[in-house]
Amino acid sequence: MLYDLTPHLGAQQEPLKKALDELVRIPSVCDEGGGGYPFGAAIDQALRTALEIAGDLGFRTEYGDGGYYGFTEVGEGKEMLGILGHLDVVPPGNLTDWKHDPFDPIEKDGMLYGRGTQDDKGPLLASLFAVKALMDAGVKFNKRVRFIFGTDEETLWRCIKRYIEKEEIPGFGFSPDSRFPVTYAEKGLLQLRLEGSNESGIQLSGGSAFNAVPDSIYYDGERQDDLADKLDRLGFEYERYEEGIEVRGRAAHAMIPEEGINAIARLCIALNAIGIQSKAINFVVQEIGQDPNATRIFGECADEPSGKLKFNVGKIELGQAEQLFIDTRLPVTASKEEVVKALTITAAKYGLEYKEFDWLGSIYLPLDHFMVTTLMNVYRQHSGDTVTEPQSSGGATYARAIQNCVAFGALTFDEPLTEHQPNERAVLRNLYKAMEIYSHAVYELTR
Ligand SMILES: [Zn+2]
């Protein structure tokens, strides 16, 4: 490149940190319809603040469709590079697990603590200030660079879906919402319920979300002595209380269920073994058990770029009806129709009906695609890491919202992943490195 970006990148470090501090202070957790805004007043404030920050940096800005999204742009030309990130955050969870207030960021040991520092306010701002450094260096963009600010990434993507309906769609892009180097394949993400009438008389409720392996479930029904005995024999961990039994598992994200222990599956296996049955219990025991790949239903469903199908029963509700809440991640070359068909037929054997909740199609760019090669080159030149290969992931980023898009950064592979966890924090040195990588990436992509 003809320009020396070093002084300009250096000059943006403090403003980047200050902007991140400002955004993290806004507790932008989804509060649907709150204050008359699509996803609540806090998310709206985060959106307006981000647009204001961009406006002050010299970008053109637009607040989109009553607060569903916003975007900000620089450069001229017909073609458009999209950079897609989000301003909403997941709830902080149990506050006693935090060493500091999640929404009052604190800098310690070279890290900034606070909800959203890794996911996704930090990476999004690093890419924004990266472009500011290019602007200050006098770089002329031959293509437009548009940042799209999503506001509903952690729930249902209604923001980006609305954007796609209403606005100009970038021809190519990246999403700074993952790890370096490049994520070129993301599995299909299918969330669904299996439902049927409850004729068993059993009342049971456990798990909290589609996409989390449940780490415990409480049972206060009949035959607890027998159940405890069976749990002992099976070697399943549990705790007895006066009124009931808590079966223990281990939490994990649904994209890597094999790293967790599904407490719902364990309870169902033990209940079934002492003769307590229902549609949902029998389905879990006979079709899934503790297999994170649900091989009985789908066979060996896997491919070379993205690995095996993953299957997680995240929640069970036995009340008026029986319901299972399931998250499954499909290999990039797998057919969704085939998976749905296999599941529908299998569930029907137990009197359960398939109800789709959400579907995000996979992405898969060939390794010689210009986005993969360009970003890999830039990453290798500026990170010093010449060995890490392009990645495939079970996670979902906005990369799959548009064509020719990949997830790119901002976490380095040696930085602990703290997103969605207590004490979320970003290593500032890495964030500044990410800004450098992003600036060169945007430069290359706008030639
Ligand atoms: Zn994110």
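This section reports on the structure supplied with the text.

## Thoughts on the nonpolar core
Judged by nonpolar contacts, the single largest core of 65 residues is most densely connected at Phe174 and Phe408. If you tally residues by element for this core, the top one is helix α11 (residues 428–445), at eleven residues. Those residues within four positions of Phe408 in sequence are excluded, and the remaining contacts are Phe174, Ser175, Pro176, Arg179, Phe180, Pro181, Val182, Leu375, Tyr379, Ile437, Tyr438 and Ala441. Formed by 47 residues, the second largest nonpolar core is a distinct cluster that contains Tyr219, Ile245, Ala265 and Leu352.

## Remarks on the coordination of the zinc ion
Taken together, His86 (NE2), Asp119 (OD), Asp177 (OD) and Asp177 (OD) make up the protein donors of the zinc ion, found 1.9 to 2.5 Å from the metal. Each of the four donor atoms bound to the zinc ion contributes to angles spanning 53 to 138°, and the resulting shape is irregular. Judged by relative accessible area, which is 5%, Asp119 ranks as buried. Residue classification places Asp177 among the buried residues on the basis of a relative accessible area of 10%.

## Thoughts on α11
Given a rise of 1.5 Å per residue, 18 residues ought to cover 26 Å, and the 25 Å separating the end C-alpha atoms of α11 matches this to within 8%. Counting buried residues along α11, 14 of its 18 residues qualify, which places the element largely inside the surrounding structure.

## So, the pairing of strand β6 (residues 144–150)
Among the seven residues that make up β6, seven are buried, leaving the element largely enclosed by the rest of the structure. Residues Arg144, Arg146, Ile148 and Gly150 line one face of β6 and the alternating positions Val145, Phe147 and Phe149 line the opposite face, and both faces are buried. Here strand β2 (residues 69–74) pairs with β6 via six bridges, running antiparallel. Residue Val74 lies in a different strand from β6, and its bridge partner there is Val145. Bridge count between strand β3 (residues 80–86) and β6: seven bridges; the pairing is parallel.

## A short note on the pattern of salt bridges
Enumeration over the complete set of coordinates arrives at 33 salt bridges. Its salt-bridge partner being Arg25, residue Asp21 comes within 2.8 Å of it at the nearest N-O pair. Residue Arg25 is classed as partly exposed on the basis of its relative accessible area of 39%. One salt bridge in this structure joins Glu73 and Arg60, with 2.8 Å as the shortest N-O distance.

Scoring rules and cut-offs
- Residue positions within a chain follow its written sequence, with the count starting from 1.
- Residues qualify for local features only when their pLDDT is at least 70, as the model is predicted, and side-chain atom pairs are given and counted only at 80 or more; totals for whole chains, interfaces and linings, by contrast, use all residues.
- To get the side-chain values, all heavy atoms of the structure are used, and hydrogens and water are removed first.
- Residues belong to one nonpolar core when they are buried, are Ala, Val, Leu, Ile, Met, Phe, Trp, Tyr or Cys, and are joined through side-chain atoms within 4.5 Å.
- We call a residue buried when its accessible area falls under 20% of the maximum for its residue type, exposed when it is over 50%, and partly exposed in between, using a 1.4 Å probe and counting protein chains only.
- Numbering of helices and strands runs from the N terminus, with a helix taken as a DSSP run of H or I at least four residues long and a strand as a DSSP run of E at least two residues long.
- It only takes one pair of heavy atoms within 4.5 Å for two residues to be counted as in contact.
- Any N, O or S atom lying within 2.8 Å of the metal counts as a donor, and for Na, K and Ca the limit rises to 3.2 Å; water is left out, so some sites can look incomplete.
- Square planar and octahedral assignments, for four and six donors respectively, both demand that opposite donors be over 155 degrees apart and that all other angles lie between 65 and 115; tetrahedral needs four donors with all angles between 85 and 135 degrees, and anything else is irregular.
- To estimate how far a helix should extend, the number of its residues minus one is multiplied by 1.5 Å.
- For two strands to count as paired, DSSP must find a minimum of two bridges between them.
- The term salt bridge refers to a side-chain nitrogen of Lys or Arg lying within 4 Å of a carboxyl oxygen of Asp or Glu.

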